[in-house]
Amino acid sequence: MTFYRTTRLMLCSAAILSFAGSAFALDGNDLLKKINDVYGQQGGSIAAEGIDIDGDTVTLKGATLKATGLEDGIPLGDITLDGVEENDGGYTIEEIDFADVDFNKDGAAVSATDLKLNGVEIPADATKGDLSSLLYYKSAHAGAVSVTKDDVEVFSIEGADATMNKRDDKSGLDFDAKINGIKADLSKVDDPKAKDAIEALKLQQVDGTVAMKGSWEIGPGTIDISEYSFDFKDIGKLNLAFSISGYTPAFAKSMQDALKTVRSNPNQQEAQQSAGLAMLGLLQQLTFNSAQVRFDDASITARALDFAGKQQGVTGKQLGDTLKAMTPIMMAQLNVPELQNAVSAAVSAYLDNPKSLTVTAAPGKPVPVPMIIGAAMGAPQTIPQVIGLKVSSND
């Protein structure tokens, strides 16, 4: 009797564990749907030939990315999602690993390795319009990427990394990204004029990095990009920085809805007109805070002057002197004497000794974007005062 009671107990326990396992098993189809709820707002979707589940690991077999404007999907291979957990209708994922890319079409080939995301959060509801409705990841990484044409590598990167940090008070995000070891081979350009320019400017081999750093405060919708730089050896570093407010999740959703309307309208001319009016309406919500464009020269300016001067039968220095003389005349057309003097002085100093050139827009207080548009259309000479425009060099 003891044997039979023990056997029944074991069978009963097995049944309970089996039921519990099935009750808490991951729903791969629901996970993919939630992912597509996010991508769908941007006009894209991910399809899979099959979904395998092994504990907390979900594998999207034969995945394909379908993007707006592309007739054919982009094959992604198998995507492995490790450490998947259901969380209040959404999902958290410890790591997403993508298959290496090896795509070849019409003589052009693209390869990419070591593609992954860590600390991913898939929202339960992508339409709520708050921080919890966004697709979030703590870090992203890509290994070597290569683009070849007719078996000749024309572009490559050593790797790329990006991070996002969700603030503890859920007020916003801080983010940064960097692409290292960007290389481009321009020596194989066929166009004779372009080839001459590339050789004169010594741009046959381009080598550099791209970096971005910024934040997004959800409540006021303030996007503050402190760095968006392109730094290339023997060329220079171009850095863009800007700050705007009003770009809330609700604003982003309105833009996405407007784009969806355009894509769904078979009459594209009519759709574009409607979209233009919609965008003008949305711009009413944005406020301009500040902006800066700065270029630090690394010898490209002298080569550019020599090349352009040669086209006109003069030396680079002679062309520079001509530009210095023409700048005040050109600026005088704006009828803003203070700006005319500042630009003329900055350009003159830069051409004499190219180090840096900076254009800054810093109004005393934030300016509604419609006010800037109105000034540009009705009184363009007032723009420098409206946005606090300043120009400087070698500082």
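Residues numbered from 1 in each chain as written. Predicted model: local features only at pLDDT ≥ 70, side-chain atom pairs only at ≥ 80, totals over all residues. Heavy atoms only, no water.

Observations regarding the overall build of the protein chain
Reasoning step 1: The secondary structure content of the protein chain amounts to ten helices and 20 strands.
Reasoning step 2: A globule of 395 residues ought to have a C-alpha radius of gyration of about 21 Å, yet the protein chain, at 28 Å, is considerably larger.
Reasoning step 3: If one aligns the C-alpha atoms of the protein chain with their principal axes, the spans along those axes are about 110 × 50 × 45 Å.
Reasoning step 4: Per element, the accessible surface of the protein chain, about 22,900 Å² overall, is 58% carbon and sulfur. (Helix = DSSP H or I, 4+ residues; strand = E, 2+ residues; numbered from the N terminus. Rg over C-alpha atoms; globule rule 2.2 N^0.38 Å. Areas by Shrake-Rupley, 256 points an atom, 1.4 Å probe, with all protein chains shown as cover.)

Quick look at the pairing of strand β5 (residues 90-98)
The side chains of a regular strand alternate between the sheet's two faces.
Reasoning step 1: Here strand β4 (residues 74-87) pairs with β5 via eight bridges, running antiparallel. What sits directly across from leucine 81, in β5, is isoleucine 96.
Reasoning step 2: Connecting β4 to the antiparallel partner β5 that follows it, the hairpin turn spans two residues, and aspartate 88 within it adopts a positive phi of roughly 50°. (Pairing = 2+ DSSP bridges.)

A few points about the pairing of strand β9 (residues 139-142)
Reasoning step 1: Covered by surrounding structure in β9 are Ala140 and Ala142 only, the residues Ser139 and His141 on the alternate face being uncovered.
Reasoning step 2: Here strand β8 (residues 115-122) runs beside β9; their pairing, made up of three bridges, is antiparallel. Across the sheet, the residue bridging to lysine 116 is histidine 141, located in β9.
Reasoning step 3: Pairing geometry for β9 and strand β12 (residues 159-166), over four bridges, is antiparallel. (Buried < 20%, exposed > 50% of the residue type's maximum accessible area, 1.4 Å probe, protein only.)

Points about the environment of proline 370
Reasoning step 1: Here proline 370 shows up in helix α9 (residues 369-378).
Reasoning step 2: With relative accessibility at 24%, the residue proline 370 sits in the partly exposed group.
Reasoning step 3: Along the primary structure proline 370 and glycine 281 are separated by 89 residues, whereas in three dimensions their C-alpha atoms are 9.4 Å apart.
Reasoning step 4: For proline 370, the contacting residues outside a window of four places in its chain are Leu283, Gln284 and Leu286. (Contact = heavy atoms within 4.5 Å.)

A few points about helix α7 (residues 316-332)
Reasoning step 1: Look at α7: 25 Å from first C-alpha to last across 17 residues, which is about the 24 Å you get at 1.5 Å a residue.
Reasoning step 2: At methionine 326, α7 is deflected by roughly 30°, the largest bend along its length, and proline proline 328 occurs up to four residues later in sequence.
Reasoning step 3: Those residues of α7 that fall on the buried side of the exposure criterion are Gly316, Leu319, Gly320, Thr327 and Met331. (Expected span 1.5 Å × (residues − 1). Bend = angle between axes of the 7 residues up to and from the residue.)

With respect to the packing of helix α6 (residues 300-311) against α7
Reasoning step 1: Put simply, α6 and α7 touch, their axes get as near as 7 Å, and they point 90° apart. In this view, α6 runs roughly perpendicular relative to α7, as classed from their interaxial angle. Of α7, the residues touching α6 (which contributes Leu305, Asp306, Ala308 and Gly309) are Gly316, Leu319, Gly320 and Leu323.
Reasoning step 2: A class-by-class count of the residues in the contact of α6 with α7 yields four nonpolar, three polar and one charged. (Axes fitted to C-alpha atoms, helices over the stretch in contact; angles between N-to-C directions. Parallel < 35°, antiparallel > 145°, perpendicular 65-115°, else oblique. Nonpolar A, V, L, I, M, F, W, Y, C, P; charged D, E, K, R; others polar.)

Here we look at the nonpolar core
Reasoning step 1: If you look at the biggest cluster of nonpolar residues, it comprises 20 residues, and the most contacted ones within it are Leu31, Leu81, Val84 and Ile93.
Reasoning step 2: No other element matches the four residues that β4 contributes to this core.
Reasoning step 3: Excluding residues that lie within four positions of it along the chain, valine 84 makes contacts with Leu26, Leu31, Asp56, Val58, Tyr91, Thr92 and Ile93.
Reasoning step 4: Grouped together as the second largest cluster of nonpolar side chains are 16 residues, Leu115, Val145, Ile157 and Val206 included. (Core = buried A, V, L, I, M, F, W, Y, C linked by side-chain atoms within 4.5 Å.)

What to know about the side chain of asparagine 289
Reasoning step 1: Here asparagine 289 lies in strand β17 (residues 287-297).
Reasoning step 2: Leave out the neighbours within four places in its chain, and asparagine 289 touches Thr222, Ser243, Ile244, Ser245, Pro363 and Pro366.

What to know about a negative patch on the surface
Reasoning step 1: Judged by side-chain charge, Asp52, Asp54, Asp56, Glu85 and Glu94 come together as a negatively charged surface patch.
Reasoning step 2: Along the chain, the position of aspartate 52 falls in strand β2 (residues 50-54).
Reasoning step 3: With relative accessibility at 41%, the residue aspartate 52 sits in the partly exposed group. (Patch = residues over 30% accessible without salt bridge, like charges linked within 9 Å, V, L, I, M, F, W, Y side chains within 5 Å. Salt bridge = Lys/Arg side-chain N within 4 Å of Asp/Glu carboxyl O. Lys, Arg positive; Asp, Glu negative; His and termini not counted. Charge placed at Lys NZ, Arg CZ, Asp CG, Glu CD.)

Concerning the environment of aspartate 191
Reasoning step 1: Mapped onto the elements of the fold, aspartate 191 is located in the loop between β13 (172-185) and α3 (192-200).
Reasoning step 2: What makes aspartate 191 partly exposed here is its relative accessible area of 42%.
Reasoning step 3: Polar contacts involving the side chain of aspartate 191 include one to the main-chain amide nitrogen of alanine 194, which spans 2.9 Å. (Polar contact = N/O pair within 3.5 Å; in protein donor to acceptor, adjacent residues only side chain to side chain.)

Notes on the side chain of serine 133
Reasoning step 1: Tracing the sequence through the fold places serine 133 in the loop between β8 and β9.
Reasoning step 2: The contact partners of serine 133, leaving out residues within four places of it in the chain, are Pro123, Asp125, Ala126, Thr127 and Lys128.

Points about the confidence of the model for the protein chain
Reasoning step 1: Averaged over all residues, the pLDDT of the protein chain is 87; the fraction at 70 or higher stands at 92%.
Reasoning step 2: No element of the protein chain has a lower mean pLDDT than helix α1 (residues 2-23), which averages 38, and none a higher one than strand β16 (residues 236-245), which averages 98.
Reasoning step 3: Within the model, the stretch residues 1-23 combines pLDDT values under 50 with zero contacts to residues more than four positions away or in other chains. (pLDDT = per-residue confidence, 0-100.)

Concerning α9
One turn of an α-helix holds 3.6 residues; hence residues three or four places apart share an orientation.
Reasoning step 1: Listing the buried residues of α9 in full gives Val369, Ile372 and Ala375. The arc that holds every buried residue of α9, seen down its axis, measures 125°, which confines them to one face. Opposite the packed face of α9, turned more than 90 degrees from it, sit the exposed residues Met377 and Gly378. (Arc of directions from axis to C-beta.)

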